[in-house]
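# Understanding the architecture of this molecule
One letter stands for each residue in the lines below.
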Amino acid sequence: MSESTETRPPANRVLPHELPASLRDAGLENWIREPLDDAVDRRRRIIMPPAAAVMGTPAGGYQGALLAEARHPDTVFMMGDNPALPPMPERPTLKDFFRLRFSKIARTHLLQSARVARENGLDEKVITACLLHDIAIAGLLSANHGYWGAQMVAPYVDEEVRWSIEKHEALRYFPDESVGYTYPDAYIDYFGPDYNPPDYIRREAEAARRHRWYMTSRLVTINDIYSFDPNIVADYDEFEDVVGRNFRQPREGLGFDGSPVAHMWRTMIWPNNFL
Ligand SMILES: [Fe+2]
Ligand SMILES: [Fe+2]
């Protein structure tokens, strides 16, 4: 990164051109990183919001305006390290994603769920699944998070752990009174009292219920902490031993092992890359 200081334009104190009022009015300046002292070359960097984040919102209509902005010589799209995020090590481990990428609320939720599973004396497979179950919400995408999360960890965990992460997506909507799982109160707030899961989710849950690993996934939903208490501090290091035995960290680092899911981890390292 330091070599680029040599190619820095001489007029590095000059701020870039004014942004069009339409972009400012649309609130899109939040997606634009203005030149700051930590920017390598004083160029404005535009973050193109991903389609999945803006489809169906007013921001979805501004793709063309953002593309037009990038034609200015003092403006580029964000690629590589975003100075607003802490840099990741060259060979990132699961712990690095917990520390440097996941939001506090997501990290706390995962650690609290894993801690409860451990306090309940559950198997390490269940503790591992609890620690990872919402990893997609923490770093990638919320919709279909069980399926995304299961794929992200598939090469590194036991198949039963992967399966139970995937199936918690559907099972969490359906009570199983025989093991003390009731419909989460939080979901009444989130989705309203009249929410009905779609048919495909219903079918998935029914099939999962007949599977030999049903209880592993059910335990993920039972130990899922629906009340996020930011004041209860759970530390990742409490689970370093469990992770060591149940998560095969690739030598090259997550994102660089050439696995079929490496791109998902790279997307969390550089979430704002234009392409
Ligand atoms: Fe979840
Ligand atoms: Fe959860």
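Whatever comes next refers back to the structure up there.
What you see is a predicted model; the values in this text were computed from it and never measured.

Our next topic: the overall build of the protein chain. Each helix and strand counted, the protein chain has 14 helices and three strands in total. For the C-alpha atoms alone, the extent of the protein chain along its principal axes is close to 70 × 45 × 35 Å. By the burial criterion, 43% of the 275 residues in the protein chain qualify as buried. Excluding contacts between residues fewer than 6 apart, the proportion of contacts in the protein chain whose partners are at least 24 apart in sequence is 69%.

The protein atoms that coordinate the iron ion (ligand 1) are Asp-134 (OD), His-145 (NE2) and His-168 (NE2), at distances of 2.1 to 2.2 Å. Read in sequence order, the donor residues for the iron ion (ligand 1) give the motif D-x10-H-x22-H. The metal-metal distance between the iron ion (ligand 1) and the iron ion (ligand 2) comes to 3.7 Å, with Asp-134 coordinating both. Separated by 34 residues along the polypeptide, Asp-134 in the loop between helix H6 (124-132) and helix H7 (135-139) and His-168 in helix H9 (residues 159-171) bring together distant segments of the chain. Look at His-168 and you get buried, because its relative accessible area is 0%.

What follows concerns the coordination of the iron ion (ligand 2). Protein coordination of the iron ion (ligand 2) is provided by His-109 (NE2), His-133 (NE2), Asp-134 (OD) and Asp-224 (OD), with donor distances spanning 2.0 to 2.2 Å. Seen from the iron ion (ligand 2), its four donor atoms lie at angles of 83 to 168 degrees, and the figure they make is irregular. Positions of the donor residues of the iron ion (ligand 2) along the chain correspond to the pattern H-x23-H-D-x89-D.

Counting residues in each nonpolar core, the largest one holds 41 residues, and the members touching the most others are Leu-94, Val-153, Phe-247 and Trp-265. Here this core takes six residues from H6, the largest share from any one element. Residues contacting Leu-94, with those up to four places away along its chain left out, are Leu-132, Ile-135, Tyr-236, Val-243, Phe-247, Gln-249, Leu-254 and Trp-265. Grouped together as the second largest cluster of nonpolar side chains are 15 residues, Tyr-181, Ala-205, Ala-208 and Tyr-214 included.

With 13 residues, H9 should cover 18 Å at 1.5 Å per step; its first-to-last C-alpha distance of 18 Å lies within 8% of that length. Of all 13 residues in H9, twelve are buried; the element is thus mostly enclosed. Those residues of H9 lying buried are Glu-160, Val-161, Arg-162, Trp-163, Ser-164, Ile-165, Glu-166, Lys-167, His-168, Glu-169, Ala-170 and Leu-171. The secondary structure elements touched by the buried residues of H9 are H6, helix H8 (145-153), helix H11 (199-209) and helix H12 (214-222). A distance of 2.8 Å separates the backbone nitrogen of Glu-160 from a side-chain oxygen at the start of H9, and that oxygen is part of Asp-158.

Turning to helix H14 (residues 262-269), a few remarks are in order. Burial in H14 covers these residues: Ala-262, Met-264, Trp-265, Met-268 and Ile-269. Along H14, the residues classed as buried sweep out an arc of 165 degrees about the axis, all on the same side. Against helix H4 (94-100), H7 and H8 lie the buried residues of H14.

A word on the environment of Trp-265. Relative to the helices and strands, Trp-265 resides in helix H14. Residues Trp-265 and Leu-94 lie 171 residues apart in sequence; the distance between their C-alpha atoms is 9.7 Å. If we ignore the near neighbours within four places in the chain, the residues touching Trp-265 are Leu-94, Phe-97, Ile-135, Met-152, Val-153, Tyr-156, Phe-247, Leu-254 and Gly-255. Here the side chain of Trp-265 touches Met-152 through a polar contact of 3.0 Å, landing on its backbone oxygen.

Opposite charge on two side chains makes pairing possible when the charged atoms of those side chains draw close. On inspection of all chains with the given rule, the structure shows 15 salt bridges. A salt bridge links Glu-204 to Lys-167, with the nearest nitrogen and oxygen atoms 3.4 Å apart. One end of the pair, Glu-204, is in helix H11; the other, Lys-167, is in helix H9, with 37 residues separating them in the sequence. Accessibility expressed as a relative area gives 23% for Glu-204, which makes it partly exposed. Classification of Lys-167 as buried rests on a relative accessible area of 13%. In this structure, Arg-209 engages Asp-176 in a salt bridge whose closest nitrogen and oxygen atoms are separated by 3.5 Å. Within this pair, whereas Arg-209 is found in helix H11, its partner Asp-176 is found in the loop between H9 and helix H10 (185-191), the two being separated by 33 residues in sequence. Overlapping salt bridges bring together Glu-159, Arg-162, Glu-166, Lys-167 and Glu-204 as one network.

About the criteria used
Residues numbered from 1 in each chain as written. Chains lettered and ligands numbered in written order. Predicted model: local features only at pLDDT ≥ 70, side-chain atom pairs only at ≥ 80, totals over all residues. Heavy atoms only, no water. Helix = DSSP H or I, 4+ residues; strand = E, 2+ residues; numbered from the N terminus. Buried < 20%, exposed > 50% of the residue type's maximum accessible area, 1.4 Å probe, protein only. Contact = heavy atoms within 4.5 Å. Donors = N, O, S within 2.8 Å, 3.2 Å for Na, K, Ca; no water. Tetrahedral: all angles 85-135°; square planar, octahedral: opposite > 155°, others 65-115°. Core = buried A, V, L, I, M, F, W, Y, C linked by side-chain atoms within 4.5 Å. Expected span 1.5 Å × (residues − 1). Polar contact = N/O pair within 3.5 Å; in protein donor to acceptor, adjacent residues only side chain to side chain. Arc of directions from axis to C-beta. Salt bridge = Lys/Arg side-chain N within 4 Å of Asp/Glu carboxyl O.

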